[in-house]
Amino acid sequence: MLQASLYMSYGNKGVVFSEYGPYWRSVRKLCTLQLLSASKIEYFAPMRREEVGLLVDSLKKAAAARDVVDIILDMIVASFDTSATTIEWTLSELLRHPAAMKRLQDELQTVFGLDKMVEEKDLFNLPYLDMVIKESLRLYPVGPLLLPRNCMEETIIDGYRVPKNARIIVNAWAIGRDPNAWSDNAEEFLPERFADTSIDLRGHDFQLLPFGSGRRGCPGMQLRLTIARFVLAQLVHCFNWELPDGVLPNELDMSEIFGLSMPRANHLVAVPKYRLRV
Ligand code: HEM
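Residues numbered from 1 in each chain as written. Predicted model: local features only at pLDDT ≥ 70, side-chain atom pairs only at ≥ 80, totals over all residues. Heavy atoms only, no water.

A separate point is helix α4 (residues 45-64). Its 20 residues place the ends of α4 28 Å apart at the C-alpha level, agreeing with the 28 Å of an ideal helix rising 1.5 Å per residue. Burial in α4 covers these residues: A45, R48, V52, G53, L55, V56, L59, A62 and A63. Immediately downstream of α4, the backbone of R66 shows phi near 55 degrees, a positive value. (Helix = DSSP H or I, 4+ residues; strand = E, 2+ residues; numbered from the N terminus. Expected span 1.5 Å × (residues − 1). Buried < 20%, exposed > 50% of the residue type's maximum accessible area, 1.4 Å probe, protein only.)

Now for the site of the ligand. Surrounding the ligand, one finds 20 residues, the nearest of these being W24, R28, R149, R216 and C218. L147 places a main-chain nitrogen or oxygen 3.0 Å from an oxygen atom of the ligand. S213 places a polar main-chain atom, nitrogen or oxygen, 3.0 Å from an oxygen atom of the ligand. Here the shell around the ligand is built from residues that sort into 11 nonpolar, 5 polar and 4 charged. Of the domains in this structure, domain 1 (1-35) and domain 2 (44-274) are the two that each give at least three residues to the shell around the ligand. (Near = heavy atom within 4 Å. Polar contact = N/O pair within 3.5 Å; in protein donor to acceptor, adjacent residues only side chain to side chain. Nonpolar A, V, L, I, M, F, W, Y, C, P; charged D, E, K, R; others polar. Domains from an automatic or database assignment.)

This paragraph deals with the coordination of the iron atom of the ligand. Here the protein supplies the iron atom of the ligand with just one donor, C218 (SG), and that contact is 2.3 Å long. One can find C218 in the loop between α10 (179-182) and α11 (221-238). (Donors = N, O, S within 2.8 Å, 3.2 Å for Na, K, Ca; no water.)

This next bit is on empty space enclosed by the protein. Tallying each qualifying case throughout the model produces 1 cavity of 30 Å³ or more. What lines the largest cavity is simply L137, R138, P141, A172, G176, Q207, L208, L209 and P210. Counting residues per element, the ones that place at least two in the lining of the largest cavity are α8 (127-139) and α9 (172-176). Among the residues making up the lining of the largest cavity, the classes are represented as 6 nonpolar, 2 polar and 1 charged. (1 Å grid on protein atoms, 1.4 Å probe; cavity = no way out; pocket = protein on both sides within 12 Å on 5 of 7 lines; lining within 4 Å. Points joined across faces, edges and corners; volume = space filled by probe spheres on them.)

Next up, the structure:
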């Protein structure tokens, strides 16, 4: 793995694999200020609008032809790359939980009505959408083992001695499913568990770490959350979704491939039915 990261990042020159120090500080600053700042994210909103519009158009055609669609392929066509993993897992869980799908559609319908598509700028104050995304990232973190850490000085945590230079790997996937943190229903998809909590995704709540935590936490979080919220809201608002060939919600295959990222083992296939009046 170390060799692979060395090769993939041109000798650890990328921000992800470079060691903590002046070089990392300057590329990280470049990344957060020039590439992923709030104003840059805002600047590209029209491009996202156009891309999501193209995606909806292609799905509308599939719906008119009563086609089954392979969600992941459509996402790649619409160039949403890694966000597609989060969106695909979330849609899978919503298909397995029709009551949650209905609650999300109702929330979107109350805000946008059936005569209007979702607009990114109106995506605030949608508490159930936020809960759905948190719950999906809890169960399916895209970086399940975060980034390896190097212990800079010997330290004692909870009675365990961690020697200097120890390599630490944090299993965010296992933490997200730990019954001690989430109660006995930790394996269940239950967005409502976030209803009366202040747990958020910024890495302050250690039971939920899909974007990591601390100075090496993910600088792309805001961009990815913006895209995931927008695409998911649009897909759920514009279409009713069904599983093909009489597959029942509880029969949907949810196997995952474990690795650096954690996609579905088999792509999600589903049948869209357009539901808006525009
Ligand atoms: C759903 C989408 C994403 C997830 C779940 C995710 C998750 C993560 C995680 C878990 C880490 C390691 C954090 C840690 O160990 O504390 C990370 C690091 C990082 N992510 Fe993301 N990420 C996502 C999207 C993005 C995007 C869109 C970008 C940039 C365009 C990005 C750029 C980075 C960078 C540069 C680092 C390394 C930061 C550093 O070492 O200083 N990520 N991400």
